[in-house]
Amino acid sequence: MKKYFAESELIINQDGSIFHLHLKPEQMADKIILVGDPGRVETVASHFDTRECEVTNREFRTITGTFRSKRITVQSTGIGCDNIDIVVNEMDALANIDFATRTEKDAHRQLTFVRIGTCGGLQPYTPTGTYIISQKSIGFDGLLNFYAGRNEVCDLEFEEYFKQHMNWNPLLCAPYVIDADKELTDRIACDDMVRGVTIACGGFFGPQGRELRIPLADPNQNTKIENFEYNGHRITNFEMESSAVSGLAALMGHKATTCCMVIANRLEKQANTGYKNTIDGLIEKVLERI
């Protein structure tokens, strides 16, 4: 018997659109570019040859169109893994749940998610302007721990080694380590992106080791992160969404990866606040390769 998704669990607006995104199933492509900033949706869509629709609700802005005969949806998520939980779950529902019957469709529709974002570099070889693709992500957010099957898709040995190295505080969410889809990562990265390990943080300041007026619980956190190495893997960058994107996609049977441009190098204490003028190069690469 098919599982029925009650009105309280799958909220559908009166016009037939999904609750937060306000999208209807026919408005979403199989290839999806995720960006944090709603303003960056227009930057991506400016490369489109045609446009089908544009939908906006809160921080969620969507444009679907075509680029060189490829149908693509570009979707803003806002900041943080909590918003990724909303966006990826609702997009999966648009693809794989029949809104008329509120039951799962017989045939699984696989989506491809590529997140384009910005990040902070953590190694000498990740200066500002570097493109990093998240081959692995370490989730400090704890999101995937709320879902069944989490252990089956995560790298448990990596997790344990990382927790021991960090002397992990039990008051924090248990970190999870998730791989991006290999085929998609190889296709997007080609030979001109650094393949790295990304920490997705639950905040911009304390969780990323930035200290303003409140002292940090672990002042040595970033030093330990920068020195970490496991089976040849070094941690390359901080951002705030990659773990949730790859983790949820893995559990749902979708493809996902994250690629970011470094706009601050934490070792060199440098930042590029004018990055919006240069991230277009990364956008073009993703559009060509997705």
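The coordinates are above.
Let me begin by describing the structure that accompanies this report. (Residues numbered from 1 in each chain as written. Predicted model: local features only at pLDDT ≥ 70, side-chain atom pairs only at ≥ 80, totals over all residues. Heavy atoms only, no water.)

1. Examining the packing of helix α2 (residues 81–96) against helix α7 (residues 242–252)
Then comes step 1: Interhelical geometry of α2 versus α7 gives an angle of 30° and a closest axis separation of 9 Å. One finds that α2 runs roughly parallel with respect to α7. Considering the relative orientation of α2 and α7, their crossing is right-handed. Contact with α2, carried on its side by Cys-81, Ile-84, Asp-85, Val-88, Asn-89 and Asp-92, involves Ser-243, Ala-244, Val-245, Leu-248 and Met-252 of α7 and no other residues of that element.
Then comes step 2: In the contact of α2 with α7, the residues fall into seven nonpolar, two polar and two charged. (Axes fitted to C-alpha atoms, helices over the stretch in contact; angles between N-to-C directions. Helix = DSSP H or I, 4+ residues; strand = E, 2+ residues; numbered from the N terminus. Parallel < 35°, antiparallel > 145°, perpendicular 65-115°, else oblique. Left-handed = near helix turned anticlockwise from the far one by under 90°. Contact = heavy atoms within 4.5 Å. Nonpolar A, V, L, I, M, F, W, Y, C, P; charged D, E, K, R; others polar.)

2. Examining the pairing of strand β7 (residues 112–121)
Then comes step 1: Across the 10 residues of β7, nine count as buried, placing the element largely inside the fold.
Then comes step 2: Of the pairings in the sheet, the one linking strand β1 (residues 31–35) to β7 comprises four bridges and is parallel in character. Each residue of the ladder has a partner; that of Lys-31, found in β7, is Thr-112.
Then comes step 3: The sheet contact formed by β7 and strand β13 (residues 255–265) spans 10 bridges and is parallel. (Buried < 20%, exposed > 50% of the residue type's maximum accessible area, 1.4 Å probe, protein only. Pairing = 2+ DSSP bridges.)

3. Overview of the pattern of salt bridges
For side chains bearing opposite charge, pairing can occur when the charged atoms are close.
Then comes step 1: Enumeration according to the criterion identifies 20 salt bridges in this entry.
Then comes step 2: One salt bridge in this structure joins Lys-136 and Asp-155, with 2.8 Å as the shortest N-O distance. Of the two residues, Lys-136 sits in strand β8 (residues 131–139) while Asp-155 sits in the loop between α3 (150–153) and α4 (156–166), which places them 19 residues apart along the sequence.
Then comes step 3: Lys-136 sits in the buried class, given a relative accessible area of 8%.
Then comes step 4: Residue Asp-186 is joined to Arg-195 by a salt bridge in which the shortest nitrogen-to-oxygen separation is 2.5 Å.
Then comes step 5: Three or more residues joined by partner-sharing salt bridges are found here, namely Glu-42, Arg-51, Glu-54 and Arg-61. (Salt bridge = Lys/Arg side-chain N within 4 Å of Asp/Glu carboxyl O.)

4. Things to note about the packing of aromatic side chains
Then comes step 1: For the coordinates displayed, the defined rule picks out nine aromatic pairs.
Then comes step 2: Ring centres of Phe-162 and Trp-168 lie 6.0 Å apart, and the angle between their planes is 50°; on these two criteria the pair is classed as tilted. No difference in accessibility class separates Phe-162 from Trp-168, as the two residues are buried.
Then comes step 3: In textbook terms, an aromatic cluster arises when at least three aromatic residues are bridged by ring pairs, as seen for Phe-140, Phe-158, Tyr-161, Phe-162, Trp-168, Phe-228 and Tyr-230.
Then comes step 4: Lying over the aromatic face of Phe-204, Arg-210 brings its terminal NZ or CZ to 3.8 Å of the ring centre. (Phe/Tyr/Trp six-rings, centres within 6.5 Å; stacked < 30°, edge-to-face > 60°. Lys NZ or Arg CZ within 6 Å of the ring centre and 35° of its normal.)

5. Observations concerning helix α1 (residues 38–45)
Then comes step 1: Residues of α1 that are buried include every one of Arg-40, Val-41, Val-44 and Ala-45, and no others. Projected onto a plane normal to the axis of α1, the buried residues spread over an arc of 140° and lie on a single side.
Then comes step 2: The inward-facing, buried residues of α1 contact β1, β2 (50–57), β3 (60–67), β4 (70–76), β7 and α8 (280–289). (Arc of directions from axis to C-beta.)

6. Brief notes about the nonpolar core
Then comes step 1: Among the nonpolar cores identified, the biggest contains 34 residues, and Ile-18, Met-91 and Phe-113 are the most heavily contacted of them.
Then comes step 2: Counting residues per element, this core draws most heavily on α2, at eight residues.
Then comes step 3: In this view, Phe-113 contacts Ile-32, Leu-34, Val-88, Met-91, Leu-184, Val-245, His-254, Lys-255, Ala-256 and Thr-257; residues no more than four positions away in its chain are not counted.
Then comes step 4: Ala-45, Leu-184, Met-193 and Ile-283 belong to the second-largest nonpolar core, a separate cluster that totals 27 residues. (Core = buried A, V, L, I, M, F, W, Y, C linked by side-chain atoms within 4.5 Å.)

7. Section: the packing of α1 against α8
Then comes step 1: It is at 10 Å that the axes of α1 and α8 come closest, and there the two elements cross at 60°. Classified by the interaxial angle, the pair formed by α1 and α8 is oblique. Judged by the sense of rotation from one axis to the other, the crossing of α1 with α8 is right-handed. Packed against α1, whose contacting residues are Arg-40, Thr-43 and Val-44, the element α8 presents Asp-280, Ile-283 and Leu-287 at the interface.
Then comes step 2: The residue inventory of the contact of α1 with α8, partitioned by class, reads three nonpolar, one polar and two charged.

8. Considerations on the environment of Arg-109
Then comes step 1: You can see Arg-109 is positioned in the loop between β6 (103–104) and β7.
Then comes step 2: Accessibility expressed as a relative area gives 22% for Arg-109, which makes it partly exposed.
Then comes step 3: Sequence separation between Arg-109 and Ile-97 is 12 residues; the distance between their C-alpha atoms is 9.8 Å.
Then comes step 4: Apart from the residues within four sequence positions on either side, Arg-109 is in contact with Pro-25, Met-28, Ala-29, Asp-30, Leu-94, Ala-95, Asn-96 and His-254.
Then comes step 5: A polar contact is formed between the side chain of Arg-109 and the backbone oxygen of Met-28, at a distance of 2.8 Å.
Then comes step 6: Here Asp-30 takes part through its side chain, which lies 2.5 Å from a polar atom of the side chain of Arg-109. (Polar contact = N/O pair within 3.5 Å; in protein donor to acceptor, adjacent residues only side chain to side chain.)

Such coordinate-based values are descriptive only and should not be taken to indicate function.
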